[in-house]
Amino acid sequence: MQQLNISSNTGLLGLFGYPSRHSLSPVIQNKFLRDNKIDAVYLTFEFPEEELETAFEGAKSLGLLGLNITMPYKEKICSLLDKKDKIAAAAGSVNTIKFNRNEYFTEAAGFNTDIDGITESIKKAGHEIRDKNCLITGAGGAARSAVFAFLKEKAGKIFIYNRTAEKAENLLKVFDQKNSGKIFILYSLDDLKKRYDDLDIICNCTPIGMNLKKMIDKMPLPEDINLYEKIVFETVYNPVETKLVKKARREGAMVVDGLDMLINQAASSFKIWFGVMPETGNLKEVLLKYTI
Ligand SMILES: NC(=O)c1ccc[n+]([C@@H]2O[C@H](COP(=O)([O-])OP(=O)(O)OC[C@H]3O[C@@H](n4cnc5c(N)ncnc54)[C@H](OP(=O)(O)O)[C@@H]3O)[C@@H](O)[C@H]2O)c1
């Protein structure tokens with residue numbers, strides 16, 4: 001990797017999360033910074049929840065240019081911000097913060113680029129979302145972004161399947177009546193199978209499939225369903241070829257993988273901080289070296 005010329009003028013950006021040391025965001029953002037000849041570095045900060053407010057105030061005081069926020073702080077950080085853009089406010093979830101400074105005051109502005117990351121990845125792969133029926137597995141932060149993304153793009157029906165139905169019900173409560181009328185909770189795998197033929201897009205928003213002993217050999221859906229002609233959108237990016245993605249490729253589905261989302265949400269964060277949409281050309285090849 002190219003050496004950075006760090007000086008007393010070098011700016012700092014960072015990622016807050018717990019855990020966050022596994023994240024590929026530093027690889028991506030430091031590449032964007034180098035490619036755009038911006039004198040700044042991007043580092044990872046990992047700390048438990050009781051340190052969140054202190055860490056955030058520290059970042060503000062120390063003059064950080066901006067932050068990314070990851071699990072489990074995307075919702076909790078909202079109450080510390082001075083303002084949020086419309087979509088982040090509606091989603092109640094922020095993954096990007098820009099610090100705007102003047103002589104007297106530092107303003108922390110929050111954004112959610114996960115939502116754009118999802119829609120951009122699907123669109124760049126050549127697929128329409130409008131009028132498509134979507135299944136989301138999971139009901140956490142990524143699922144919440146996926147629901148917002150699909151509503152924004154005027155998808156058809158949106159089905160949520162989560163192992164804890166109550167969490168899916170809580171997610172539904174976030175939406176007004178106009179939108180919640182398009183969202184349906186699936187309470188069992190039998191329910192899911194009944195609706196399966198109507199689905200166009202399947203979006204895994206659980207960590208099932210990720211590089212953890214308990215997850216890597218699992219699928220978020222029953223193994224006996226056929227994915228032929230479905231659009232399978234995976235949020236897990238390490239491994240890129242999750243069990244779901246492998247099955248999807250084998251059975252003739254169209255796959256949008258977790259690295260696509262990661263790259264697109266990162267590019268949108270960079271644009272918020274520096275006003276430039278970075279080139280993402282060979283980035284996926286670079287990132288593949290960091291995944292199993
Ligand atoms: N590619 C990207 O750019 C990107 C961006 C954001 C997130 N992600 C990925 O998206 C995934 C979810 O992240 P998140 O922020 O939404 O996490 P989260 O808020 O913790 O939510 C996780 C969801 O998955 C469900 N879940 C967890 N373990 C499960 C298991 N063993 N079996 C069944 N369901 C399970 C949880 O169900 P319960 O409600 O029952 O606990 C919950 O609904 C992670 O793998 C993350 O890395 C990727």
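In short, a report on the structure. (Residues numbered from 1 in each chain as written. Predicted model: local features only at pLDDT ≥ 70, side-chain atom pairs only at ≥ 80, totals over all residues. Heavy atoms only, no water.)

Considerations on the side chain of asparagine 264
Mapped onto the elements of the fold, asparagine 264 is located in helix 10 (residues 258–274). Once you skip the residues sitting within four places of it in the chain, asparagine 264 turns out to touch Gly117, Glu120, Ser121 and Lys124. (Helix = DSSP H or I, 4+ residues; strand = E, 2+ residues; numbered from the N terminus. Contact = heavy atoms within 4.5 Å.)

Observations regarding the site of the ligand
Among the 23 residues in the neighbourhood of the ligand, the closest are listed as Ala139, Ala142, Asn162, Arg163 and Thr164. Glycine 141 places a polar main-chain atom, nitrogen or oxygen, 3.0 Å from an oxygen atom of the ligand. Here an oxygen atom of the ligand and a backbone polar atom of alanine 142 are 2.7 Å apart. Protein contacts shield 80% of the accessible area of the ligand, which totals 930 Å² for the unbound molecule. Those elements that place two or more of their residues in the shell around the ligand are helix 5 (141–152) and helix 10. Looking at the shell around the ligand, the element that brings in the most residues is helix 10, giving 4 residues. In terms of residue class, the shell around the ligand is built from 11 nonpolar, 9 polar and 3 charged. No fewer than three residues from each of domain 1 (11–112 + 261–288) and domain 2 (115–256) sit in the shell around the ligand. (Near = heavy atom within 4 Å. Polar contact = N/O pair within 3.5 Å; in protein donor to acceptor, adjacent residues only side chain to side chain. Areas by Shrake-Rupley, 256 points an atom, 1.4 Å probe, with all protein chains shown as cover. Nonpolar A, V, L, I, M, F, W, Y, C, P; charged D, E, K, R; others polar. Domains from an automatic or database assignment.)

A few points about the side chain of serine 25
Secondary-structure assignment places serine 25 in helix 1 (residues 25–35). Beyond its immediate stretch of four places on either side in the chain, serine 25 contacts Leu15 and Tyr42.

Quick notes on the packing of helix 4 (residues 114–124) against helix 10
Between helix 4 and helix 10, the shortest axis-to-axis distance is 8 Å and the interhelical angle comes to 125 degrees. The orientation of helix 4 with respect to helix 10, classified from their angle, is oblique. The handedness of the crossing between helix 4 and helix 10 comes out as right-handed. Across the interface between the two elements, Asp114, Asp116, Gly117, Ile118, Glu120, Ser121 and Lys124 of helix 4 pack against Asp260, Met261, Asn264, Gln265 and Ser268 of helix 10. Among the residues forming the contact of helix 4 with helix 10, the class breakdown is 2 nonpolar, 5 polar and 5 charged. (Axes fitted to C-alpha atoms, helices over the stretch in contact; angles between N-to-C directions. Parallel < 35°, antiparallel > 145°, perpendicular 65-115°, else oblique. Left-handed = near helix turned anticlockwise from the far one by under 90°.)

As for the nonpolar core
In this structure, Ile118, Ile136, Val147 and Phe150 are the most contacted members of the largest nonpolar core, which totals 30 residues. Sorting the residues of this core by element identifies helix 4, strand 7 (134–137), helix 5, strand 8 (158–161), helix 6 (165–172), strand 9 (183–186), strand 10 (201–204) and strand 11 (231–234) as the ones contributing at least two each. When residues of this core are assigned to their parent elements, the largest contribution, 7 residues, is made by helix 5. Apart from residues lying up to four places away in sequence, isoleucine 118 is in contact with Ala142, Ser145, Ala146, Ala149, Phe150, Phe233 and Met261. Residues Leu33, Tyr237, Ala266 and Ala267 belong to the second largest nonpolar core, which totals 21 residues. (Core = buried A, V, L, I, M, F, W, Y, C linked by side-chain atoms within 4.5 Å. Buried < 20%, exposed > 50% of the residue type's maximum accessible area, 1.4 Å probe, protein only.)

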